[in-house]
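Commentary on secondary and tertiary structure
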Amino acid sequence: MAFTYTVSRVFRRASTFYFQKRLESTVASLTKDEIMVLLRPPFSNWSNIIREAEKVVGYPTSFMNLRCLLSDEFANLALYLRKLIGSNQLVMQTAKNVLYGDCKNLQPWGLVILLLSKSVKSSTSNSKAINQQQRELAELTEMMRTGHLIHRGIVNVPFAKRSKSTESAIFGNKIAILLGDYLLVTANAMLAGLRNADVLYIVSSALKDLSESEFFGDRDEQNMPLPGKPKLANDDVSFTFDTTSMTANNVLGKPRKEWTARTVYNGVSLLGRGCQSAMVLGKESRENQNYAYQFGCHVGLAWQAAAELQTLTEEGEAQFCLASAPVLFALEGNPELYKIIDQAKNNVNDVDYEDLKFNILKTDAVDKTKMLYEDHAKKAMALIDKIGDNESVDMIKKLINTF
C-alpha cells in the first residue's frame, strides 16, 4: 500500500508536455468564450458512475493495468521515474493521464469488458458470473493499451540537435521504452497463459492494428498524425471495421472515413477484440461474439468523439490532435483551413492552434462531432440489448451516456 502511494505521488507531481504550448489569447471574443462554455460536455458524475459499475462486477478495476506490476522490477523503474520529476518529458504526462488524468483519458476499457461478460443471460440466473479468464483478459487489455500510450510518449531527438538540454528527454525515452515493453511483455505472457488459441489470434489481430496505426497517413517529425487533404466525396458514410480491407488512399481526405479508420487502428480495435474475446472465453455463440466486437468498436468510437470534443471546447491552452473529428469536419466545410495545418509538415507545434480553434468553432464541425458521438452511442446500446438485459447492461448504458 505504501508503494502504491509513493508511485501515485510521483505521477501526481509529474510535469507538463515536452513540447511548447501556445498561450491562450487574453483578448478572445466574448462570443467565442460563451460558445466554449456552452459546448463543454458534462463529465462531473464520471467517478461516481465508475464506482457503481465496479460494484456491479464485484471487482475493483482502479489501477487494473498496474496491479500485477507491484514487483521488484517495477519498483526499480519507479525509482528511475523520480529522476524525471521537474523535467519536461512527455512520458510523465502520459503516466499522469493514465492514472490521474481527465475523464477523457480514463476510458474504462477493462471495466466495459467485465460488464459485458456479466451482461449475458445464463440459464439459471439473470446474468452470468465473470470467470477468472475474463478478469485476466480485462487486465491484459488495459495493460496493452497503457503500454502503447507510454510508447507513444517517446520524443524524437535528432542526433544533430542533442545537447545538455535534451538529456532529460533522452533519459525519458529510455524509461518509456522500458515501461511500455514491460507492460506489453507481461500482457502477452498473460494472454498466452489463457491457453486459448482463438483468443490469442483475436487479440493479436488488434495488436497488429496498433502497430499499423503508427504508419497511417502523413506524420510530422515527432510522428504526430497530420490530416489528409480534403477531398470531395459522396460515399463518406458507409464503413466497415474490417481493417484488412482498409487502405489509406480510400479514406484519407474523407472526414468520417478517415477519422474512423485512424481511431479503429489506434486502439478501438483492441477494445472490440477484447469484448469479442470475453464472449469466446464465456463460451457464447458466434452471433454474440460478433455483436460484442461491433459493440466494443462503437463504444470506443463514441468515447473518442466525446473526448476530442472536450479537448477542443475546454478552456486553457491545451493542444488538440490535428486528425481529430472536429478538425476533419472543419476541413470539409472550409478546405482553406488546410493552409494553417500545412505549416505542420515538420512539426505540429508550428500550427497556430488558437487561430485554428477559432476557425473550427465557426464551422459546423462541433455539431457534426456531437452527431458522430450520438450515432455510435446509439449503435452500441442497440447491440448490447441484443446480448443481454440486466443490471450490467443498464450500467454500460449509463457509462456511455455519462461520457
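On a predicted model such as this, the values are computed, not experimentally measured, just so you know. (Residues numbered from 1 in each chain as written. Predicted model: local features only at pLDDT ≥ 70, side-chain atom pairs only at ≥ 80, totals over all residues. Heavy atoms only, no water.)

1. Comments concerning the nonpolar core
- Counting residues in each nonpolar core, the largest one holds 95 residues, and the members touching the most others are Leu115, Phe295, Leu322, Leu399 and Ile400.
- With 13 residues, the top contributor of residues to this core is helix α12 (residues 286–313).
- Excluding residues that lie within four positions of it along the chain, Leu399 makes contacts with Trp46, Ile49, Ile50, Ala53, Leu111, Leu115 and Trp303.
- Judged by nonpolar contacts, the second largest core, of 5 residues, contains Val251, Leu252, Ala261 and Tyr265. (Core = buried A, V, L, I, M, F, W, Y, C linked by side-chain atoms within 4.5 Å. Buried < 20%, exposed > 50% of the residue type's maximum accessible area, 1.4 Å probe, protein only. Helix = DSSP H or I, 4+ residues; strand = E, 2+ residues; numbered from the N terminus. Contact = heavy atoms within 4.5 Å.)

2. Here's the deal with the confidence of the model for the chain
- On average, residues of the chain score 77 in pLDDT, and 72% of them reach the 70 mark or higher.
- When the elements of the chain are averaged for pLDDT, helix α1 (residues 2–12) gives the smallest value, 39, and helix α16 (residues 365–387) the largest, 94.
- Predicted confidence for residues 1–44 stays below pLDDT 50, and this span has 89 contacts to residues more than four positions away or in other chains.
- With pLDDT under 50 throughout, residues 85–90 is counted as low confidence; its partners more than four residues away or in other chains account for 25 contacts. (pLDDT = per-residue confidence, 0-100.)

3. Side note on unusual backbone geometry
- Not every positive phi belongs to a glycine, and Arg195 is a case in point at roughly 55°.
- Structurally, Arg195 is set in the loop between α8 (167–193) and α9 (197–213).

4. Digging into helix α13 (residues 325–333)
- Taking burial as the measure, the 9 residues of α13 include 7 buried ones, the bulk of the element.
- Looking at the buried side of α13, the elements it contacts are α11 (255–281), α12, α14 (338–341), α15 (353–361) and α16.

5. Focus: the pattern of salt bridges
- Going through the model one piece at a time under the given rule, you end up with 10 salt bridges.
- The shortest N-O distance in the salt bridge between Arg256 and Asp375 comes to 2.3 Å. Taken together, the residues span a long stretch of sequence, with Arg256 in helix α11 and Asp375 in helix α16 at a distance of 119 residues.
- Judged by its relative accessible area of 23%, Asp375 falls in the partly exposed class.
- A salt bridge links Asp375 to Lys379, with the shortest nitrogen-to-oxygen separation between them at 3.5 Å. With Asp375 and Lys379 both in helix α16 and 4 residues apart, this pair spans about one turn of that helix. (Salt bridge = Lys/Arg side-chain N within 4 Å of Asp/Glu carboxyl O.)

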